[in-house]
Every structure is written in structure tokens, then in C-alpha cells.
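Listed below, chain by chain, are the residues.
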Amino acid sequence: MNIAHAALKYQKPLILIMLVLILYGLFSYFTIPAREDPEITIREALVVTQYPGMSAQRVENLITKKLEENIRQIPQLERIRSTSSTGSSVIHVEIADRYFALENIWQDLRNKVNAAQAQLPEGTLPSQVNDDFGDVAIITLALTSDGFSMGQMKDTAEHIRDTLYAVEGTKKIEILGVQQEQIFIEVANVKLAQLGVSQAQLASALQNQNIIRPGGSIDTGLRSLTVEPSGNFDSIEAIENTLISLPQLEQPILLRDIAEVTRAYIDPPDKTAYYNGEPALIFAISMLSGYNVTEYSPKIKKQIEQIQQSLPIGLSLDIATYQADQVEKTVYGVSINVIQTLVIVLVVVMLFLGVRTGLIVGSIVPCVMLITLAVMNLYGLNLERMSLATLIIALGLLVDNGIVIAEDFKSRIENGTDRLSALKEGPSELAIPLLSSSASTILFFLPLMLAQHVAGEYTRSISLVILITLMTSWLLALTVTPLLCFHFLKAGSANRSKTISKLQNVYPRVLKQTLNYRKSALCSALALFVLAIAAMQIVEQQFFPDSDRAQVLINFELEASSSSRATNQTLQDIFVWLDDKQSFPEIDSYAAYGGFGGPRFVLSLTPMDPAQHRGFIVLNVNDAEKIDALIEKLRDGFLARYPVLQARVSRMFLGPSDSSEIKIQVKGPDAEVIYDKAQQIKQLLASVKGTIDIRDDWESRITSIQVEIDQQRARRAGITSQDIAQTLQAYFSGAEITEFRDGDTIIPIIYRAQTDERNNLDRLRTMNVYSTKTNRYVPLFQIAEFSPKSYFSRIQRENLFKTISIEARHSQMTAEDLKKQIDQALQQLKDDLPLNHQIEYDGVIKESSEAQQALAANMPLVLAGVIILLVLQFNSFRRPLIIIITIPLSFIGAVAGLLIMQAPFGFMVSLGLYSLAGIIINNAIVLIDKIDTLRKQEQSVEQAIHNACKNRLRPITMTTVTTILGLMPLILSKDPLFYGLAVVLAFGLAVGTVLTLGIVPVLYAMLFNDEADKKRYN
């Protein structure tokens, strides 16, 4: 029993199953987890190690290298990048894209880092491993205040965090911008020298009193009593009243008599956050995987509204970023496009086939859509930009099977076959050819599923959705469509399109001329193909397009030696400028971060590494149409108002990286060589008109003061190098000597010099160092000399080599187009590099190349699979050869479309070309199959070609027009991600179909035009 006959026999169970799947699909649309973009695994972790005050070179040699050598042993490692700066080592550990189970890998990383701790110099703080680097904050909140201290804000923020954790689906809530409280003991160095009290004695007195150790317990026989000696500080006054013994006096004195004790916040400020210009605490709320953003976010929002009502007057809690709005906009927008495409497809089918046949064929389209959603829900696929837009692409393809079945059924009953026989015979004969056609199309989408690259992971849902829709379409075409035809389709001619009728009159004449001039036709097609290849050189290139988010990003940095105090003062100046509503009416709100990049609020946006001279601002704009004008206004304003500030203003981007930013790396063992070469590359980029935001990640050199200790004089004075280093550290930067416990909060007690002393460069020479040998102070200038020293502020490494990266963007061109402008000159710079030094592209250039290679790596497998399918279907080698030759024909139209519609070539367009290949071969399959069928009826090759082409003109034209019109919503709306892909498919199909209708008959006539072949075929 064939499948169509079974569907007729068991039509009631079939209808029930269909209803259940359709209802579940409808239910799934509202319940499938929705996201703005596909969920990507972030295979990156951070290893951060601190040694306050140590120079970048010493951090590199003593800390970074030791850690890198151990981390490099991880077998799954793809790349290791490190930044060594003053007092800090930050290592980025990247795992290869083919690995998904990361828990064991991160544990191995921790083990390697822990094993390296013994090799690090004494005084190094323990390394911190952050493997939650990829968590996305789907909501960020800002807590601001009027009249409340940072400590009070922190207590309120912790209460808010605990309340929000009660919302189901919450993974993590980070509070950013908190300034740690500290207690400062500030002493004049001269006063200590007069009294003969050392820093160590001062610290010892405080530490010996400030204890929380128990005194044991007393067992009296009947009960046990715990003994708790007092002494720990419970107030600032208790610290001030600490007794300090003096060598010259028998009676001790109080600490307050020689020092000023204050409770304040970390100075200078560290990692500050602001909202609309006001100091703020930022909540970064991330969601557990598997939850729906559009369902989870309103729950959080409702909880926030309740919290807002309970906040004291003066405290304000605002939403800084809210991803659910963007998700709803994306899902709603693409859903509208799906509905528009669905209507277009149904109308086109009815125009071509008539209302009755059109309704029969078109009825399976919404069924396929809803069943696809049901299967997506079962397999855990999310509703996001990729999967929804793929439904639009699939809509034009999935009607093909239904059209073939319906037309075959109608043809049979018009020729006198009874309905039952038509139902049995048609689907039985067409099942394998239709399966082969669908499988061929699916195979060309396979590289997306197999590509071992983050861009492939970003687009993987495309291949999965195509697989589900086409196989569902095939099943319904063999079951539901014959059933509907059996009950409702009538014999008789349907309303024919006048356009098709004209084409059917013109096409045979054109075909005859084409067959008469076969070589000319082939040469013309080849010439067009060569011309298309040449024309690709002038097509704009862009790895991934810009985002349509109504947000603008501002990254800025001061001189590398600038303090966080200078960074925050700069931010305050910028806030005054941005708050001018007459100049910037487009800005709704903004969040700013000093010294770090804030939370990762979009998956593709990696926060910058912390640095005290850097800042980051994200602007929320009220009209996305005004973003480009706003960016130009901001760029001009920064240049005019802040000439010493290096500000980079950009819009959001889609995909794994910013396609507008070019990145060039210089690598090698000699830091001076690669630094000088980097300056030459920056000059080269500056010579290209329109290039902006030119910078390198080693930044400018900074100056340090070298204290050259005369070891002989120091030893005679009883002072060691360690004594001098510890005194300098405590004097200028402060040293933690003990802790103050306020409830469950631990506040460090910091010893340092008074403000006018520690901020005065002249004090370096005249400060006194205590000698434990002589119990007296010695001026530093008596045992040391001072000299300035210039060195690199940051040292970057990649895969154990020193690496300096030069970044820039062009105001008009993408990174890949800018590359073409500088390639030749860059090659000349490469030629004079010393041995073991190299220049190479990184960033979007490298990622684009790797993504294309990842796709192409599986193309031999795909082509082999398609050829095997075709050989099995036709039991021939020449027929598959003809079909494969038609694939390049679509490339001609694709290039023309890119040029006409001014769409850039990128990763998504590459996907479009692969998809196009899978679609266009179906036309050739249909033609060749019909020619073979007519030849079996004893028609000559020429007759069979003419009759088959005339017979298949209408279905081929109809499926092509249906697919092209189905893509129109994506083209007309200029969908940021799918515009280029839709253009390639539409133009490639249009031109490719026209050429296929001419070239396939020519090739067939050339390869099968002999009597011996006819005998062999028969």
C-alpha cells in the first residue's frame, strides 16, 4: 500500500494527527523561548592576576609568561591572548569552536592556573579565573540617589538583588559600580621621623589590638563557658584611641595624636558607573538558558515596579537596557514578514493554478509552518531572527512538492484516469524524485550545520529549519495534498495567467534559436559567468551587517598614564555636553562606565578589559533613523571639544564582530621592532582619506621614576631594598594593615601619607625610610638616586608571542574594502621585517576568512552527496553533469543583484549562494526528468526537448516567481541581516532560471544527440 492510499484509508486519524500538530505549533509560537539572536557558546575565559605597582615588563616576564606556559598545555586551546600592564596581568583563554562541553575544560584551566601559582613572585595576589565571561545581561538597572551615601546605596542594592533573585529563571545578578569603603590612617612622614615610630610598629599596635580570636573555654564540670577577649575595633573612635608606644617616652600616645583617621571610599575611585550623568550602581541581570526572554523580562519588570514603590524618597531605580523590547521587535517584525510572504505565496499559487487548485496547494503552506514550529519546540530550537527569517526563505520552496502532486493528479483525471488510481499512481511515482529534489536542496544547506566556526553556530538554525520545513512539505505533499485533490479537485482547465500564455508562445521560438546556435549560447553563458566573477571585485564586502538597535556606543581613552580620577573628571565633562537637549534631542538616556566596559548586554559585544584611563558609554536613541547623523555629530564634537581624548563612536553590529573595524597585527620577539612597525602601519592607514579611530593596543609609552638604590650606603644605614619598596608603596599608594568589621562587612584599614604629601612629586626625594638597625629614619635621597624611565604601558601577547594590534575604521568603507586599499603598501612593510617577525590581519578579516573556509570545508561532502543522489535518481553520469553545470548560472544573477541593490557581500550572502545552488538545480532536474519521460514515448531528442521545455515552463516559472515574491518582504524592509541573502536568492533565481531554460536543453542536445546513445538508453 503506498503512502497516499494509506492516507485515504486512514484519513480520520491523519486529520486528527494534523490537527494536534497544528494546534501544538500554534501553541509553540507563543511558548518557544524567544531571543533576538541565536544563542552562541562563548568559549572564552579570563585569568586575572594582580601585583600592585609592578611594571608592565616585569608583569609580562614574571607573571604572564609563567601562567601562559601552563595554560598552553590545555589540549582544546584555540588561542591565548594576554595583556600585561602596570600591576595587572589579564589572559584571555579561547577554546576551539568544535567544543561545547566546557565545564571540564574550565576545571582543567583552573588546575593549570593553580599549579602555576608557586612559580609567581612573592606578593602576587591569587589569580582569578572567570569562566562566566559570556553571560548576557538581558536587563540592566541603574540605582541612583539624591542625598544617600554609597554605603547606603550598596545596602539597598543588595536588598534589591536578593528580591530579584526570587524571580524564577534568574541566573545571576551582578552589582557594578560599587566603591569599596576603606578606613584611612594618614600620617605625616616628618612627624613619624620626629617621634621615631616606624610604619611596622604602627601596624603591629593596630593588629595586636584588633583581634577576634576566642580565648578558649572553661569546663566547670557542670557546664562549659566560652571565653571571648575583647579588642576588635567597633568604631572609628576605637581606632583613634589605639595606644602607640614611643621609644623616647614611657607613656604611650593615642593614634589620633599623630594621625588622621577617616572612613571614606576607595581613592582614587575604581570602576565607576553612571546613569544619565549621576553616580549609579548598575544591576546586570542574566537569565537561565531555556527560559523565554519575552516571558521572563515582564516578570522582572513587575518585581522592579514593586521595588520602586517601596524605595525611600531620594532613591531611584531605572531600566538602563531592556533586551525584551528588541526581541519583541525582531520576532514581531519577522513574523509580520512571514505572514506577508504567506499571503503572497497563496495569491501567486491561485493566480497560476486557479482558485480551487491554488487553495489545495496553498493550504499545506500554513500547515507546514505550524508543524515546523511544533518540531522546533520539541527539539529545543529557539524563535529568533535566524529561524524566523528562514521560514520566509522556505515558504517559496515548500509549495514545489504540492504543485507537482496537484498538477499530476489533475493531468491524470483529465486524461481519463479514475480518482482512486490517480491518487495511488501519482504520489507513488513522484515520491522518490520529490524526495531527491528536497534532499538535494537540504544538502546545500548542510555546510551551515557542519561549519566549526562561531559564525556557523550563529546561522546553524537556518539549515535545521530548512530540513524540518522541506521534509514536512514532502510528507504533506504525499499525504494531505492527494487527499484534498481526491475530494475537491475537478477536471477542466483552470484560469491561466496571460503572462504565462505569452511566455509559452514566445519561449519555443527562443528555444529553437538557442538550439540552432548552441556554441554561441554556451559561450555567451560562459562570458556572463566570467564577467560576474570580475564584477565581484567591485562589490562591497561586509562580514556581518550593522544592527538595527537604536543604540550608539562610545569607547574612549586618555593618555595611558592617566589616573581613574582623570577618567571620571572627563566623564563628568562629557555628561554636561550630552545633557544638552538642544544639541542632542535624539538621546533618551545613557549609561557610562569609568575604568571598565560594564556588563555584556549583547552577546556579540565583548566588554573591554579594565583600565583606569578608559571609559565606555552606551546611548539609548529615540529614533533609529537618526543614528548615523548622531554618530557624525558626536565624532565631530569629540574632535573639537576633547582633542586629547581618543573617542571611537560606533553603532551596534550583528554577528561575532564589528565589520567596520579593521585590525592588523605585528608579531615578533623584539618589542621595539614591532612597535616601530606598528607606527608605520598607523601612518599608512592615516594616508587613506576617510580613515578614522586609528589606534594600537600598546598605546603610548609612559614614564616611571627609577629609584636607583646605592646598596653600600643603604647597608651602612641598616636599610634594605625591601624596606624602601614597602615604605614607598605605603607612603604613596597605601598599605592595608588590618581590617574593620561592620556587621557582615569587612572594611580594610589603609595606612598612607597625607594628601598633600602623597600627591607631591617632590616628596619622593625627601621622604624618610625607617632603619630597623639604627631605629631611626634616613632621608631617601641619601641612599638613592632618581631618574625617569620610559617603557611600554601595555604589552600584548598572542600564542606566546609579543603582538601589537592596530585598529581603524573608515567613514565610508567596510574593513574588507579598506583592506583592498592598503594591501599592496602593507606587503612592502612586510618585506623589510627581520626574521621571525610578521604582519597579518586579525579581527573581522580573519574571522570572515575562517568562516568562509569552515563553510567550504564541507562543500566536497555536499557535492558528493548531491551527485550520488542524482546518479541514483537518473542512473546516469551525463545527466548529473548537466545539472551540476547549471549551478554557476545562478551566480551571474546573484552578482547582478548585489550591484543593482547595493547589497554588500558577506557571510550571509555566502549562505545565500549555497542555498541558491540547492534551489536552482531543481529546475534542471524537472526539465531532464520530463525530457527522459518523453524520450521513453519514442520521441526524438529534439522533439522531447521542445515538448518538455514547453510543458515545464509553467511550473518552473511559477515556483521561481513564488519564491522571488516570497522574498520581497525581506528585500523591501531591508532586513539588516537577511537583505543581502534575499537579494542574492531573488536575482540569482530569476537570472538562473532564464539561463537554465536555455542552457540545459543545449547541453542535453549536445550530449545525447546520436543514435547510438538512443539505442543504449532504450
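This structure is a prediction, so every number in the text was calculated from the model and none was measured. (Residues numbered from 1 in each chain as written. Predicted model: local features only at pLDDT ≥ 70, side-chain atom pairs only at ≥ 80, totals over all residues. Heavy atoms only, no water.)

Caption draft 1: Expanded view of the overall build of the chain. Of regular secondary structure, the chain possesses 33 helices and 30 strands. Taken along the three principal axes of its C-alpha coordinates, the chain extends 125 × 80 × 60 Å. With the model as given, the accessible surface of the chain reaches about 44700 Å², and the carbon-plus-sulfur share is 54%. Positive and negative side-chain charges of the chain, numbering 91 and 104 respectively, have mean locations separated by a distance of 9 Å. (Helix = DSSP H or I, 4+ residues; strand = E, 2+ residues; numbered from the N terminus. Areas by Shrake-Rupley, 256 points an atom, 1.4 Å probe, with all protein chains shown as cover. Lys, Arg positive; Asp, Glu negative; His and termini not counted. Charge placed at Lys NZ, Arg CZ, Asp CG, Glu CD.)

Caption draft 2: Looking closely at a negative patch on the surface. Together, Asp146, Glu278, Asp579 and Asp580 give the surface a local cluster of negative charge. Take Glu278: it is sitting in strand β14 (residues 278-287). Residue classification places Glu278 among the partly exposed positions, given a relative accessible area of 42%. (Patch = residues over 30% accessible without salt bridge, like charges linked within 9 Å, V, L, I, M, F, W, Y side chains within 5 Å. Salt bridge = Lys/Arg side-chain N within 4 Å of Asp/Glu carboxyl O. Buried < 20%, exposed > 50% of the residue type's maximum accessible area, 1.4 Å probe, protein only.)

Caption draft 3: The arrangement of unusual backbone geometry in detail. Here Asp267 and Pro268 are connected by a cis peptide whose omega angle stands at 0°. Tracing the sequence through the fold places Pro268 in the loop between β12 (259-265) and β13 (272-275). Notably, Asn836 is not glycine yet its phi reads approximately 70°, a positive angle. Mapping Asn836 onto the fold places it in the loop between α25 (815-831) and β30 (838-843).

Caption draft 4: Structural detail: the nonpolar core. Judged by nonpolar contacts, the single largest core of 201 residues is most densely connected at Phe283 and Phe978. Residues in contact with Phe978, not counting those within four places in the same chain, are Arg385, Met386, Ala389, Ile393, Ile462, Met908 and Leu970. Core analysis: the next-biggest nonpolar cluster, separate from the first, contains 28 residues, Ile183, Leu192, Leu206 and Tyr777 among them. (Core = buried A, V, L, I, M, F, W, Y, C linked by side-chain atoms within 4.5 Å. Contact = heavy atoms within 4.5 Å.)

Caption draft 5: Representation of the pairing of strand β20 (residues 661-667) in the model. In terms of residue burial, β20 counts as a mostly covered element, since six of its seven residues are buried. The pairing of β20 with β30 spans six bridges and is classified as antiparallel. Paired with Ile664 across the bridge in β30 is Tyr841. (Pairing = 2+ DSSP bridges.)

Caption draft 6: Spotlight on a nonpolar patch on the surface. A cluster of nonpolar residues, Ile339, Val343, Val347 and Leu351, forms a patch on the protein surface that exposes about 360 Å² of accessible area. Note that Val347 resides in helix α10 (residues 323-353). Note on Val347: relative accessible area 39%, which makes it partly exposed.

Caption draft 7: Structural view of the sheet that holds strand β24 (residues 745-753). The strand order across the open sheet formed by four strands is β12-β7-β24-β23, and the pairing between neighbours is mixed. Each edge of the open sheet is held by one strand with a lone partner, namely β12 and β23 (735-742). The sheet shows a mean angle of 25° between the axes of neighbouring strands, taken without regard to direction. Sheet topology places strand β7 (residues 181-187) next to β24; five bridges connect them, and they run parallel. From the neighbouring strand, Ile183 faces β24, where its bridge partner is Ile749. Against the sheet, helix α22 (residues 721-733) makes contact with β23 and β24, and its axis sits at roughly 105° relative to β24, the strand it touches most. (Axes fitted to C-alpha atoms, helices over the stretch in contact; angles between N-to-C directions.)

Caption draft 8: Region of interest: the packing of helix α20 (residues 671-686) against α25. Two elements in contact, α20 and α25, have axes separated by 10 Å at closest approach and are oriented at 140°. Of the two elements, α20 crosses α25, and the hand of that crossing is right-handed. Listed contacts from α25 to Lys677, Gln680, Ile681, Leu684 and Leu685 of α20 are Leu818, Ile822, Ala825, Leu826 and Leu829. Across the contact of α20 with α25, the residue classes break down as eight nonpolar, one polar and one charged. (Left-handed = near helix turned anticlockwise from the far one by under 90°. Nonpolar A, V, L, I, M, F, W, Y, C, P; charged D, E, K, R; others polar.)

Caption draft 9: How the structure looks around the environment of Asp693. Here Asp693 lies in strand β21 (residues 691-696). As a C-alpha pair, Asp693 and Arg648 span 45 residues in sequence and 5.9 Å in three-dimensional space. Not counting residues up to four positions away in its chain, the partners in contact with Asp693 are Ala647, Arg648, Val649, Glu807, Ala808 and Arg809. In this structure the side chain of Asp693 is engaged in a polar contact, spanning 3.2 Å, whose partner is the side chain of Arg809. (Polar contact = N/O pair within 3.5 Å; in protein donor to acceptor, adjacent residues only side chain to side chain.)

Caption draft 10: Quick peek at the pairing of β21. Counting buried positions over the six residues of β21 gives five, a clear majority of the element. Across four bridges, the pairing between β21 and strand β29 (residues 801-810) is antiparallel. Following the sheet pairing, Ile692 is matched in β29 by Arg809.

Caption draft 11: Focus on the packing of aromatic side chains. Here the structure, examined in full by the defined rule, presents 19 aromatic pairs. Measuring from ring centre to ring centre gives 5.1 Å for Trp577 and Phe638, while their planes differ by 85°; the resulting arrangement is edge-to-face. Placement of the pair is Trp577 in helix α18 (residues 564-578) and Phe638 in helix α19 (residues 627-641), with a sequence separation of 61 residues. A residue is classified by how much of its surface remains accessible, and Phe638, at 3% relative accessible area, is buried. Chaining the aromatic ring pairs together yields one cluster made of Trp577, Phe584, Phe638 and Tyr642. Above the plane of the ring of Phe100 lies Arg43, whose end atom (NZ or CZ) is 4.6 Å from the centre. For Arg752, the ring lying beneath its charged end belongs to Phe184, and the centroid distance is 3.8 Å. (Phe/Tyr/Trp six-rings, centres within 6.5 Å; stacked < 30°, edge-to-face > 60°. Lys NZ or Arg CZ within 6 Å of the ring centre and 35° of its normal.)

Caption draft 12: Inspection of the pattern of salt bridges at higher detail. Summed over all chains, the structure comprises 52 salt bridges. Across the salt bridge formed by Glu94 and Arg81, the nearest N and O atoms sit 2.8 Å from each other. One end of the pair, Glu94, is in strand β3 (residues 88-95); the other, Arg81, is in strand β2 (residues 77-85), and 13 residues separate them in sequence. Owing to a relative accessible area of 22%, Arg81 belongs among the partly exposed residues under this scheme. Residue Asp710 pairs with Arg713 through a salt bridge whose shortest N-O separation is 3.0 Å. Residue Asp710 is classed as partly exposed on the basis of its relative accessible area of 28%. Taking the relative accessible area as the measure of exposure, Arg713 reaches 26% and is therefore partly exposed.

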